[in-house]
Amino acid sequence: MRFYLYLLVCLGLVHGGRAQSRSLAITRLDAVVDTVAHRLIIHYDLPGQATDSVQVTLSVSLPADTASVIAGERLNGDVGYPIKPGKNKIIYWYYRLPLLSLPDYLLRLTVRYNTTSMIRSLVGQVDSDRLRATLNLVSGNRYFGNEQGLQHLSAIKDTLQNRFNQYGLQTRRQENKFGNYLAHNIIGNLPGQPADKQTIVLCAHFDAVANSPGADDNASGVAGLLEAIRLLSTISFRHSIQVIGFDLEEAGGMGSNRYLQAGLVPGTKIKGVVNLDMIGYTSNKPKSQDVPEGFDNLFPEAYQHLVKNGFRGNFIISSANDASVTLNKQFATCAATYAPGLSFVTLNGPGKLPMTLSLGDHANFWQAGYPAIHVGDGSFTRNKNIDSRGDRLKHVNVEFMQQVVKAVVATVATIADIVPTYSAVCQPMAFAQQ
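Residues numbered from 1 in each chain as written. Predicted model: local features only at pLDDT ≥ 70, side-chain atom pairs only at ≥ 80, totals over all residues. Heavy atoms only, no water.

*Asks:* Break down the overall build of the protein for me, citing the residues and quoting the values.
*Replies:* Along the protein, the regular secondary structure elements total 11 helices and 19 strands. The buried share among the 434 residues of the protein stands at 55%. Once local pairs closer than 6 in sequence are excluded, the contacts in the protein between residues at least 24 apart make up 78%. (Helix = DSSP H or I, 4+ residues; strand = E, 2+ residues; numbered from the N terminus. Buried < 20%, exposed > 50% of the residue type's maximum accessible area, 1.4 Å probe, protein only. Contact = heavy atoms within 4.5 Å.)

In structure tokens, the structure reads:
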């Protein structure tokens, strides 16, 4: 008679050493022992893109022992490198352990992804329909000076907090009293490895000026932020990622000032800040991009790009001060690599950036000594509807936004340092006979 040992799975998903529920983790792991053939048959499902190649390893050990006991044993099937993700993967382990000792052991299946493939997988999932839906949700009167604006601001704060919670972030509100208005920064934290204290900040402001729907300024940034963290929250990073919806940016950056004064957890080290502010307006018309006086002397390389492009406003701009040049180069590299359809211009320099690029929440981080970049479409040097009733959804190009968000996701994932190893374990719980 053939006997089978059914390993009733006690399944734990582990990302870089901490329990998680991330989409790239092993989603199923179970095993059966064929006592006649002396083999363990392991089944698992492995998410990922069809173009990915991953390394899969199996170890069997006592719960209190980290040493593998399968050295010299035969392994066949979907194990080793390269393995393509998919369902119903099978590994055959021809064992030498005595049958009665098997229930005492743990099986651990470990998958190591290629980080470049992981980033490509993330950017490939940036969803234009989700961006459009969030734009529709956020755009509209959200000025604290009237009742309708207050109601919309309250709804947006709830949306940010609910989405952050939905994506598994540690979420909190930071209050800031401004006259009769109780402002809030909405903060979500995706923790990195326990011993690591470095944080990457991804931010966007959600308020708007009076009498403007603020579709580009800055419903576009909020939509980009939420889409980016939806994807980034599916995997693990060495450094923490903090996403912040800032209030009162239109009141002189009071929200980000408040955060820098009292919102940082003691011991936090900000590695870099990516501020999304107006990422939705583009134009292929010649001479649709203005430049401030003296721009050609301050930024000759960028100016030549505009000349060759007929001064079309069809690119994104990333701006940095001297302390943020390295971060800006990382954005440029990631944009070229992971969003090849996006045209971009990088601007670097202390005190010489055009006024439109030196205002905003990123500037407060500059003043506090943190590296930060502003990702935007140039504000009113291109979009003449900024700060007016004309800043409406019909002028926002969602496909352009999609390319920008791809570059942002890739940049944050790169500087946050992906943890590419995922494991699942199971242990025998009972015997069955057949």
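*Asks:* Let's hear about the sheet that holds strand β13 (residues 198–205): which residues, and what values?
*Replies:* Reading across from one edge, β11-β12-β14-β13-β15-β18-β16-β17 is the order of the eight strands in this open sheet, with mixed pairing throughout. In this open sheet, the two edge strands, each paired with only one partner strand, are β11 (170–178) and β17 (344–348). Averaged over all adjacent pairs, the angle separating strand axes in this sheet is 20°, with direction ignored. Inspection of the sheet shows strand β16 (residues 316–320) paired to β17 by five bridges, in the parallel sense. Looking at the pairing, I317 lines up with V345 of β17. Strands β11, β12 (181–190) and β14 (240–246) of the sheet are contacted by helix α3 (residues 147–166), whose axis makes an angle of about 15° with β12. (Pairing = 2+ DSSP bridges. Axes fitted to C-alpha atoms, helices over the stretch in contact; angles between N-to-C directions.)

*Asks:* How would you summarise the pattern of salt bridges if you had to cite specific residues and measurements?
*Replies:* Applying the stated criterion across every chain, the model contains 11 salt bridges. One salt bridge in this structure joins D45 and R28, with 3.2 Å as the shortest N-O distance. On the criterion of sequence distance, the pair formed by D45 in strand β5 (residues 39–46) and R28 in strand β4 (residues 28–34) is long-range, its members being 17 residues apart. Here D129 and R132 are joined by a salt bridge, their closest N and O atoms 3.4 Å apart. (Salt bridge = Lys/Arg side-chain N within 4 Å of Asp/Glu carboxyl O.)

*Asks:* If you had to explain unusual backbone geometry to someone new, which residues and values would you point to?
*Replies:* Following Y81, the chain continues into P82 via a peptide bond in cis, with omega recorded as 0°. As for its placement among the helices and strands, P82 is situated in strand β8 (residues 80–83). Looking along the chain, the bond that leaves D217 and enters N218 is cis, with omega of 10°. Among the secondary structure elements, N218 is positioned in helix α4 (residues 215–232). In this model, K287 sits at a positive phi of 65°, which is unusual for a non-glycine residue. Within the fold, K287 resides in the loop between β15 (269–276) and α6 (295–298). Of the residues examined, K287 reaches a relative accessible area of 72% and is grouped as exposed.

*Asks:* Summarise helix α5 (residues 254–262); cite the residues concerned and give the values.
*Replies:* Of the positions making up α5, those classed as buried are G255, S256, Y259 and L260. For α5, the arc enclosing every buried residue in end-on projection is 135°, short of the 170-degree limit, so these residues lie on one face. Those residues of α5 that are buried lie in contact with β11, β12, β13, β14 and α10 (361–367). (Arc of directions from axis to C-beta.)

*Asks:* I'd like a description of helix α2 (residues 128–138), backed by residues and values.
*Replies:* Among all positions in α2, only S128, L131, T134, L135 and V138 are buried. Down the axis of α2, the smallest arc covering the buried residues is 125°, so these residues share one side. Two or three places before D129, at the start of α2, stands the capping residue D127, its side-chain oxygen 2.8 Å from that residue's backbone nitrogen. Count one or two residues on from α2 and you reach G140, which has phi positive near 130°. (Polar contact = N/O pair within 3.5 Å; in protein donor to acceptor, adjacent residues only side chain to side chain.)

*Asks:* Lay out the packing of helix α1 (residues 115–123) against helix α11 (residues 398–416) with the relevant residues and their values.
*Replies:* Remark: α1 packs on α11, axes separated minimally by 9 Å, with the N-to-C direction vectors making an angle of 145°. Helix-helix and strand crossings are classified by hand; for α1 and α11 the assignment is right-handed. Across the interface between the two elements, I119, L122 and V123 of α1 pack against K406, V409, A410, A413 and T414 of α11. A breakdown of the residues in the contact of α1 with α11 according to their chemical character gives six nonpolar, one polar and one charged. (Left-handed = near helix turned anticlockwise from the far one by under 90°. Nonpolar A, V, L, I, M, F, W, Y, C, P; charged D, E, K, R; others polar.)

*Asks:* Give me the lowdown on the packing of α3 against α4, citing residues and values where you can.
*Replies:* Where α3 meets α4, the closest approach of the two axes is 10 Å, and the angle between their N-to-C directions is 15°. With respect to α4, the axis of α3 lies roughly parallel. The handedness of the crossing between α3 and α4 is left-handed. Where α3 abuts α4, its residues L160, R163 and F164 lie against V222, L225, L226 and I229. (Parallel < 35°, antiparallel > 145°, perpendicular 65-115°, else oblique.)

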